[in-house]
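An overview of the molecular structure
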Amino acid sequence: MVVRTIPKNSSARPGRVLHRNICLAFFRIGMLGFGGGPSSIPLVHQEVVKKYGWMTDDEFGDTLALANTLPGPIATKMAGYIGYRVAGIWGLLNALLASAIPTVVLMIVFLGLLQTYKDIPWVQHMSATVVPVVAVMLAVLTWDFIKKSGETLGWMRAIMLLALSAILIEALHIHPAIVILGCILAVFSPLLKRRKKA
Amino acid sequence: MIYWHLFLAFFIPGILGYGGGPASIPLVEHEVVGNYEWMSTQEFSEVVAIGNSLPGPIATKMAGYIGYTEAGILGSIVAMIATVAPSLILMVFMMAILMKYKDEPEVKNLTKVIRPVIAILLAFMTIQFAQESVEGIGIAYTLIVMVVSFVLLEKVKLHPAFIIALALVFGAITGL
């Protein structure tokens, strides 16, 4: 099922085929990636490296590593960047729209329905029942983040950082953005010092 | 004005959410529920629940939907651009520079150091949702739903989408 993206001897508008492939690839990634962006990375690899051969394994690895060091949603960063590499700015837009728009439309339809009927008592009870379920899912996600913090930083430092950010955010009501910016500055200050010396 | 607020509300999580879309959920909640009060905790939890059950990246789904409810199609577009554009632009146009620094220990440390902050945000959001649920449908019902969904999620390893679907059906039946 390997589709050649830019057939060398084809006279039939290779650009069009390429854009159709980008659109299909990222549409599939968006529609089949349950569980948010990070869980769709294997699907991106499948389409981009294995199916269409737009990148080698190494290039994909580098791109993923880089995307991980930057903030923001991972799936759209990958989509946009790969689209750009393959077909420039239009490729970027194509990949981005194909991966994000269909799922946003689904979201608006589903939640719109829920909103329309929200005055009916059983619908109210239905959406109220979702709250504790979401709380559990968030608790699991929280634990994932705490566990990973402990594993990568060591438990002592992890607990200190956890306590410090809890105090800053919840007791002193400092905006989380400020706390994260503070972390970024603290982490980068040795790098800046090194650069000055060099 | 609403478009500017939407932009800000999603720009901040987009530029500070280290660890992909899910890490930006509490940052989005902070803006949408806490700061701008566009939604109640209950409404936001519906967004997270449905967002988790549908496929595709979670951050853009939340941005697209919340933007749409606040300011229509244009609002949806603004919120999605604010979520996606900042880090994507960095990535596309600064690839060469970023590649040079990607192996520096500081760059590698960044996600590690920010992770505990995100963990705390998630923890307090969890507590807030649990409180909301206790106030809304009572402590007994909340505990039952929490225990059952925890077992299904972590022990039975059922897909989150199915658990949300089950919760919706269960809630509808018990609400009749």
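Model, not experiment: these values are computed from the prediction.

Turning our eyes to something else, we now look at the overall build of chain A. Looking only at helices and strands, chain A has seven helices and zero strands in total. Helices and strands in chain A line up, N terminus first, as α-α-α-α-α-α-α. Taking 2.2 N^0.38 as the reference for a compact globule, 198 residues should give roughly 16 Å; the C-alpha atoms of chain A span a radius of gyration of 22 Å, well beyond that estimate. Taking the principal axes of the C-alpha coordinates as reference, chain A spans close to 70 × 65 × 25 Å.

Glancing now at the confidence of the model for chain A. All names here are of chain A. Per-residue confidence for chain A gives a mean pLDDT of 86, with 92% of residues at or over 70. Between the elements of chain A, mean pLDDT differs from a low of 82, seen in helix H7 (residues 176-197), to a high of 93, seen in helix H6 (residues 155-171). This model gives residues 6-11 a pLDDT under 50, and the stretch forms three contacts once residues within four places in sequence are excluded.

Counting 101 residues, the largest nonpolar core has Val133(A), Val134(A), Leu138(A), Ile118(B) and Leu122(B) as its most contacted members. By residue number, the principal contributor to this core is helix H4 (residues 74-116) of chain A, which donates 17 residues. With sequence-adjacent residues up to four places away left out, Leu138(A) is seen in contact with Leu122(B), Met125(B), Thr126(B) and Phe129(B).

A few words now on the packing of helix H1 (residues 14-32) of chain A against helix H2 (residues 41-51) of chain A. All names here are of chain A. Between H1 and H2, whose axes approach to 9 Å, the crossing angle comes to 160°. One element, H1, and the other, H2, form an angle in the roughly antiparallel class. For the crossing formed where H1 meets H2, the hand is right-handed. On H2, the residues touching Ala25, Arg28, Ile29 and Leu32 of H1 are Leu43, Val44, Glu47 and Val48.

Conventions and cut-offs
Each chain has its residues counted from 1, running along the sequence as written. The lettering of chains begins at A and the numbering of ligands begins at 1, in the order of writing. Only residues with pLDDT of at least 70 get local features here, since the model is predicted, and only at 80 or more are side-chain atom pairs given and counted; chain-wide, interface and lining totals rely on the full set of residues. Put simply, DSSP marks the helices as runs of H or I at least four residues long and the strands as runs of E at least two long, and each gets a number from the N terminus on. The atom set for the radius of gyration is the C-alpha atoms, and the globule formula is 2.2 Å times the number of residues raised to the power 0.38. The predictor rates its confidence in each residue with pLDDT, a number between 0 and 100. Here the contact rule is simple: place C-beta atoms from the backbone, and any two residues whose C-beta atoms are within 7 Å are in contact. Here a nonpolar core is just a set of buried residues of the types Ala, Val, Leu, Ile, Met, Phe, Trp, Tyr and Cys, joined wherever their C-beta atoms sit within 7 Å. For every residue, the other C-beta atoms within 10 Å of its own C-beta are counted; 20 or more classify it as buried, 12 or fewer as exposed, and values in between as partly exposed. C-beta atoms are placed from the backbone. Working convention: axes come from line fits to C-alpha atoms, limited for helices to the stretch in contact. Angles between N-to-C directions cover 0 to 180 degrees. Angle categories are assigned with fixed cut-offs, so that under 35 degrees is roughly parallel, over 145 is roughly antiparallel, 65 to 115 is roughly perpendicular, and the rest are oblique. Helix crossings get a hand from a simple test, with the near helix turned counterclockwise from the far one by less than a right angle marking a left-handed crossing and a clockwise turn marking a right-handed one.

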